[in-house]
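Listed below, chain by chain, are the residues.
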Amino acid sequence: MKLHNRPILLLCLATASLGAASCAKSQPANLPAPDHREVPADAAAIRLSFSSIVKKAAPAVVNVYSRRMVRTQVDPFWGMFMGGGIPQQRIAQSLGSGSIVRPDGVILTNHHVIDGAQEIKVVTADRREWPATVLLDDPRADLAVLKIDTNGERLPALAIDDATDVQVGDLVLAIGDPFGVGQTVTNGIVSALARSDMSSTNVASFIQTDAAINPGNSGGPLVDMNGDLIGVNTAILSGSGTSSGVGFAIPAALAKQVVSTALGGAHSIVRPWLGVKAQALTEDMAKSLGLAAPQGVVAADVWPDGPAARAGVARGDVIVSVNGQAVNDAGALNYNVATLAPGASVALVVRKAGGGERTVQARLATPPDSPAKDQQTLAGHNPLSGATVINLSPAAATDLGLDPFAGTGVVVTSVAGGYAATLGVQPGDFIRQINGQPITNVAGLVSTLATPADGWTLVIERGGQMITARVRV
């Protein structure tokens, strides 16, 4: 991928058999938190050791091994010698890290470490192996919560520090098992906060650190000088695939929300929705709005009768902050909302066009699920056989990581063989027309496909581009 016109790699950090895996403490609101940070005063202070922190944190860091069966299509030529082109199966393995966050065996790691796993094994710091089950897997946040059966044994655990007092320049340690060589510890500083433009998800707001993070560190903790978990290491920005001093960790506030949800018995996260499609301010836009600097995000679209609309936010307004936290891009806005719960009240500082700032209160809701969910796997003699499709609504779009403002229609969620796979249909494709008939819902799609035809003309929207395909099946 490219970012800022420079070729780079943003890598998830699970080590796989054939390469990288695809990738409470609080203060009263009216009192400032005490600041005990100090610059080393002399050479003796510089020689101080992190060993006491490592002794506290490292025993709670584990290795996470996952195994899954994958199907590989044999090349037709080589298939003459290797089974006639029949798809083959192989075992794919990946290695990551994790943190024990409760003494009874609750473990926090990355989603991409265990994605698709049919078997998960955890190895604790004392080299014991434990089978693990998944309590909750959250692809949008790239987090997963595992559980091992300790038979009543109490294991070392890391406290999750979700306080918001992390600052650029704070010393941190990254602990994990890079390259599977055994547990390692690296130190560095927090080099940036609220990096929300580094992920394809819309709830990420990373802590950036220069502590060395390498493949295999995924899911391991980023800890502060109290030995508490302040982030979950998840990705690096690199041109070589190895650490170059720019690593990213998911903040503890989001991690704690996922763990709490899992311990409450839920198997998925229901995140709140503000009903705003945000756009970062450019300098020219800021000038046109009478702002001295491009601070805040523009409400490019507002869902009718959604939480923001009911609070008085209109298209073109600038949202400056959420609950006192400044927001300068869509990711930061979404993250600050995502760490709350549906029904929570949120304070938005809003600047109206040509007017001053004012604070409004919005009560968060869940995304609308209209039209009603209708998910079906298509079958029969038609070009979409083997595809699973769903009616698109803001709720469905949010679950799929799509734009909730994309409107209605039918979207492909998965493809499991059949004519659809041969045709090249992909998850995320919108089925817009078939044989000239507009497709607006799954029921209409099924009815259209049931009509016999000698050939089929499909119009599919992918990445904003319309693709027309004429096929016979």
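Cut-offs and rules
- Residues numbered from 1 in each chain as written.
- Predicted model: local features only at pLDDT ≥ 70, side-chain atom pairs only at ≥ 80, totals over all residues.
- Heavy atoms only, no water.
- Helix = DSSP H or I, 4+ residues; strand = E, 2+ residues; numbered from the N terminus.
- Buried < 20%, exposed > 50% of the residue type's maximum accessible area, 1.4 Å probe, protein only.
- Areas by Shrake-Rupley, 256 points an atom, 1.4 Å probe, with all protein chains shown as cover.
- Expected span 1.5 Å × (residues − 1).
- Pairing = 2+ DSSP bridges.
- Phe/Tyr/Trp six-rings, centres within 6.5 Å; stacked < 30°, edge-to-face > 60°.
- Core = buried A, V, L, I, M, F, W, Y, C linked by side-chain atoms within 4.5 Å.
- Patch = residues over 30% accessible without salt bridge, like charges linked within 9 Å, V, L, I, M, F, W, Y side chains within 5 Å.
- Salt bridge = Lys/Arg side-chain N within 4 Å of Asp/Glu carboxyl O.
- Lys, Arg positive; Asp, Glu negative; His and termini not counted.
- Polar contact = N/O pair within 3.5 Å; in protein donor to acceptor, adjacent residues only side chain to side chain.
- pLDDT = per-residue confidence, 0-100.
- Contact = heavy atoms within 4.5 Å.

1. Section: the overall build of the protein
(1) Moving on: Along the protein, the regular secondary structure elements total 11 helices and 30 strands.
(2) Moving on: Looking at the protein as a whole, 44% of its 473 residues qualify as buried.
(3) Moving on: If you sum the accessible surface of the protein, you get close to 23,100 Å²; carbon and sulfur atoms cover 52% of it.

2. Examining helix H5 (residues 252-263)
(1) Moving on: Its 12 residues give H5 an end-to-end C-alpha distance of 16 Å, which sits within 8% of 16 Å, the value for a rise of 1.5 Å per residue.
(2) Moving on: Within the sequence span of H5, burial applies to Ala252, Leu254, Ala255, Gln257, Val258, Val259 and Ala262.
(3) Moving on: The first or second residue beyond H5 is Gly265, which carries a positive phi of 100°.

3. Overview of the pairing of strand E19 (residues 297-302)
Two faces belong to every sheet, and in a regular strand the side chains alternate between them.
(1) Moving on: Looking at chain direction, strand E18 (residues 276-280) and E19 are connected through five bridges and run antiparallel. In the strand pairing of E19, Val276 is matched with Val302.
(2) Moving on: In this sheet, strand E20 (residues 318-322) lies alongside E19 in antiparallel orientation, the contact comprising two bridges. The partner of Val297 across the bridge, within E20, is Ile319.

4. Focus: the packing of aromatic side chains
(1) Moving on: Under the defined criterion, the tally for this structure stands at four aromatic pairs.
(2) Moving on: With 5.6 Å between their ring centres and 75° between their planes, Trp303 and Phe405 make a pair best called edge-to-face. Remark: Phe405 occurs in the loop between helix H9 (394-400) and strand E26 (410-415) and Trp303 occurs in the loop between E19 and helix H7 (307-311); sequence separation between them is 102 residues.
(3) Moving on: Taking relative accessible area as the criterion, Trp303 reaches 24% and is therefore assigned partly exposed.
(4) Moving on: Of the residues examined, Phe405 reaches a relative accessible area of 16% and is grouped as buried.
(5) Moving on: Through successive ring pairs, a cluster of aromatic residues spans Trp273, Trp303 and Phe405.

5. Some details on the nonpolar core
The nonpolar side chains of a soluble globular protein tend to be buried with one another.
(1) Moving on: Residues Val64, Leu108, Val122, Leu143 and Leu146 are the most contacted members of the largest nonpolar core, which totals 44 residues.
(2) Moving on: With 20 residues, the next largest nonpolar core counts Val302, Ala308, Val327 and Ala362 among its residues.

6. Quick look at a nonpolar patch on the surface
(1) Moving on: On the surface, Leu171, Ile189 and Met225 cluster together into a nonpolar patch covering about 210 Å² of accessible area.
(2) Moving on: Counting through the fold element by element, Ile189 comes out in strand E13 (residues 184-195).

7. A few points about the pattern of salt bridges
(1) Moving on: Within this structure, the stated rule accounts for 14 salt bridges.
(2) Moving on: A salt bridge links Asp301 to Arg315; the shortest N-O distance between them is 2.9 Å. Placement of Asp301 in strand E19 and of Arg315 in the loop between H7 and E20 is noted, with a sequence separation of 14 residues between them.
(3) Moving on: The exposed category is assigned to Arg315, whose relative accessible area is 61%.
(4) Moving on: With a closest N to O distance of 3.9 Å, Arg310 and Asp305 form a salt bridge. This pair shows no difference in class: Arg310 is exposed, exactly as Asp305 is.
(5) Moving on: In the salt-bridge network here, residues are joined through shared partners; they are Asp126, Arg128 and Glu153.

8. Overview of the side chain of Asp177
(1) Moving on: Looking at where Asp177 falls in the secondary structure, it is placed in the loop between strand E12 (171-176) and E13.
(2) Moving on: The side chain of Asp177 is buried and forms no salt bridge, while Arg127, the nearest opposite charge, is found at 10 Å.
(3) Moving on: There is a polar contact of 2.9 Å between the side chain of Asp177 and the side chain of Asn63.

9. Thoughts on the side chain of Thr209
(1) Moving on: Within the secondary structure, Thr209 sits in strand E14 (residues 206-209).
(2) Moving on: Among the residues examined, Thr209 registers a relative accessible area of 0% and is labelled buried.
(3) Moving on: At 2.9 Å, the side chain of Thr209 and the backbone oxygen of Ile189 are in polar contact.

10. As for unusual backbone geometry
Most peptide bonds are trans, and most residues other than glycine sit at a negative phi.
(1) Moving on: Cis geometry marks the peptide bond from Ser370 to Pro371; its omega dihedral reads 5°.
(2) Moving on: Mapped onto the elements of the fold, Pro371 is located in the loop between strand E23 (357-363) and strand E24 (375-377).
(3) Moving on: Here the phi dihedral of Asn151 falls at roughly 55°; this positive angle occurs in a residue that is not glycine.
(4) Moving on: Tracing the backbone through its elements, the reader meets Asn151 in the loop between strand E11 (143-148) and E12.
(5) Moving on: Despite not being glycine, Asp305 has its phi angle at roughly 60°, a positive value.
(6) Moving on: With respect to the element layout, Asp305 can be found in the loop between E19 and H7.

11. Focus on the confidence of the model for the protein
Atom-level detail of predicted coordinates should not be read off regions where pLDDT is low.
(1) Moving on: With 82% of its residues at a pLDDT of 70 or more, the protein has an overall mean of 81.
(2) Moving on: pLDDT under 50 marks residues 1-9. Its contacts with residues more than four places away, or in other chains, come to 14 contacts.
(3) Moving on: Note on residues 17-32: pLDDT under 50 across the span, and 27 contacts to partners over four residues away in sequence or across chains.

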